[in-house]
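Residue-level listing of the chains:
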Amino acid sequence: MASVSSGTSGSLFGSLRKFDAYPKTMEDFRIKTCGGATITIVSAVIMGILFVAELQFFLGVSIKEKLLMDTTRSELLDIYLNVTFWHLPCDYISVDAMDVSGGQQVDVDHDIKKIRQTTDGKEIDVEQLKELGNSTEALDPNRCESCYGAESEQHKCCNTCDDVRNAYRYKGWGLES
């Protein structure tokens, strides 16, 4: 074996040899080498880095977002709505629902509460409804409503939308679809 020369490099290698965790054979024959010390230091640094990385991973918070749908088809799903239509009468509002399998529920009206409101968002009570006129009351069958300018000898009164369409067709006026 080559001997290491004295000086700064010798003291460095001598200090480095003390770190050799893998000395060879028995105590009498053990030789601490610079290569063994280098392996020990590199291993210790790698172990330290791995320890810190695993500790950060263990202590870190991981957020996983998932959205799962209930795929049981035998139960109904409760749907809660709070919708305000400012310029639409309650009679024109209906709810239709369709599930994933294609089953439809048309014009669902149970457990639906329709409340008339003013433009300020205040609820209109029953007395105010009577003053405004309730649109669900039966109309007078002898009434004579306007044909919106399409009145003629055959069409004097237009009480339904179909009557208005027929009066427009009779006059030869176009209708927008």
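Reading guide: rules and limits
- Residues numbered from 1 in each chain as written.
- Predicted model: local features only at pLDDT ≥ 70, side-chain atom pairs only at ≥ 80, totals over all residues.
- Heavy atoms only, no water.
- Helix = DSSP H or I, 4+ residues; strand = E, 2+ residues; numbered from the N terminus.
- Buried < 20%, exposed > 50% of the residue type's maximum accessible area, 1.4 Å probe, protein only.
- Contact = heavy atoms within 4.5 Å.
- Areas by Shrake-Rupley, 256 points an atom, 1.4 Å probe, with all protein chains shown as cover.
- Expected span 1.5 Å × (residues − 1).
- Disulfide = S-S within 2.5 Å.
- Arc of directions from axis to C-beta.
- Salt bridge = Lys/Arg side-chain N within 4 Å of Asp/Glu carboxyl O.
- pLDDT = per-residue confidence, 0-100.

**Q** Any chance you could explain the overall build of the protein chain here in plain terms?
**A** Helix and strand content of the protein chain: 4 helices and 2 strands. Going residue by residue from the N terminus, the α and β elements of the protein chain occur as α-α-β-β-α-α. Within the protein chain, the fraction of its 177 residues that count as buried is 10%. Taking the intrachain contacts of the protein chain between residues at least 6 apart in sequence as the baseline, contacts between residues at least 24 apart amount to 14%. Summing over all exposed atoms, the protein chain offers an accessible surface of approximately 16200 Å²; the carbon and sulfur share of this is 56%.

**Q** Just to check I follow, could you spell out helix H2 (residues 34-59) for this structure?
**A** Given 3.6 residues per turn, any residue in an α-helix points the same way as the ones three and four places further on. The terminal C-alpha atoms of H2, which comprises 26 residues, lie 37 Å apart, in line with the 38 Å expected from a rise of 1.5 Å per residue. All buried positions along H2 are accounted for by Cys34, Gly36, Ala37 and Thr40.

**Q** What exactly am I supposed to notice about the state of the cysteines here?
**A** Disulfides are covalent bonds that connect the sulfur atoms of two cysteines. One pass over the full model with this rule turns up 2 disulfides. Here cysteine 147 pairs with cysteine 158 through a disulfide, and the sulfurs are 1.8 Å apart. Its S-S torsion of approximately 95° makes the covalent link between cysteine 147 and cysteine 158 right-handed. On the criterion of sequence distance, the pair formed by cysteine 147 in the loop between helix H3 (126-132) and helix H4 (161-171) and cysteine 158 in the loop between H3 and H4 is long-range, its members being 11 residues apart. Of note for the protein chain: the bonded cysteines, numbered N- to C-terminal, pair according to 1-3, 2-4.

**Q** Help me out: how do you make sense of H4 in this one?
**A** For H4, the full list of buried residues reads Val164, Ala167 and Tyr168. The buried residues of H4 all sit within an arc of 100° when viewed along its axis, so they share a single face. One or two steps after H4, the chain reaches glycine 172, where phi turns positive at roughly 80°.

**Q** Looking at this structure, how should I read the environment of asparagine 166?
**A** Note that asparagine 166 resides in helix H4. Residue asparagine 166 is classed as partly exposed on the basis of its relative accessible area, which comes to 37%. For the pair asparagine 166 and alanine 150, spaced 16 residues apart in the sequence, the C-alpha separation amounts to 9.3 Å.

**Q** Teacher, can you tell me more about the pattern of salt bridges here?
**A** A side chain of one charge can pair with a side chain of the opposite charge when the charged atoms of the two come close. Taken as a whole and assessed by the stated rule, the structure comprises 3 salt bridges. Between arginine 165 and aspartate 162 there is a salt bridge, and its shortest N-O distance comes to 2.8 Å. Highlighted residues: arginine 165 and aspartate 162, both in helix H4, separated by 3 residues, approximately one helical turn. The exposure class assigned to arginine 165 is partly exposed, which follows from its relative accessible area of 36%.

**Q** Would you mind going over the confidence of the model for the protein chain with me for this structure?
**A** Caution applies to low-pLDDT regions: their predicted coordinates should not be interpreted in detail. Per-residue pLDDT for the protein chain averages 75, and the proportion of residues at 70 or more is 72%. In the model of the protein chain, H3 stands out as the element of lowest mean pLDDT, 56, in contrast to H2, which has the highest, 94. Residue range residues 1-5 is modelled with pLDDT below 50. Its contacts to residues more than four positions away, or to other chains, number 5 contacts.

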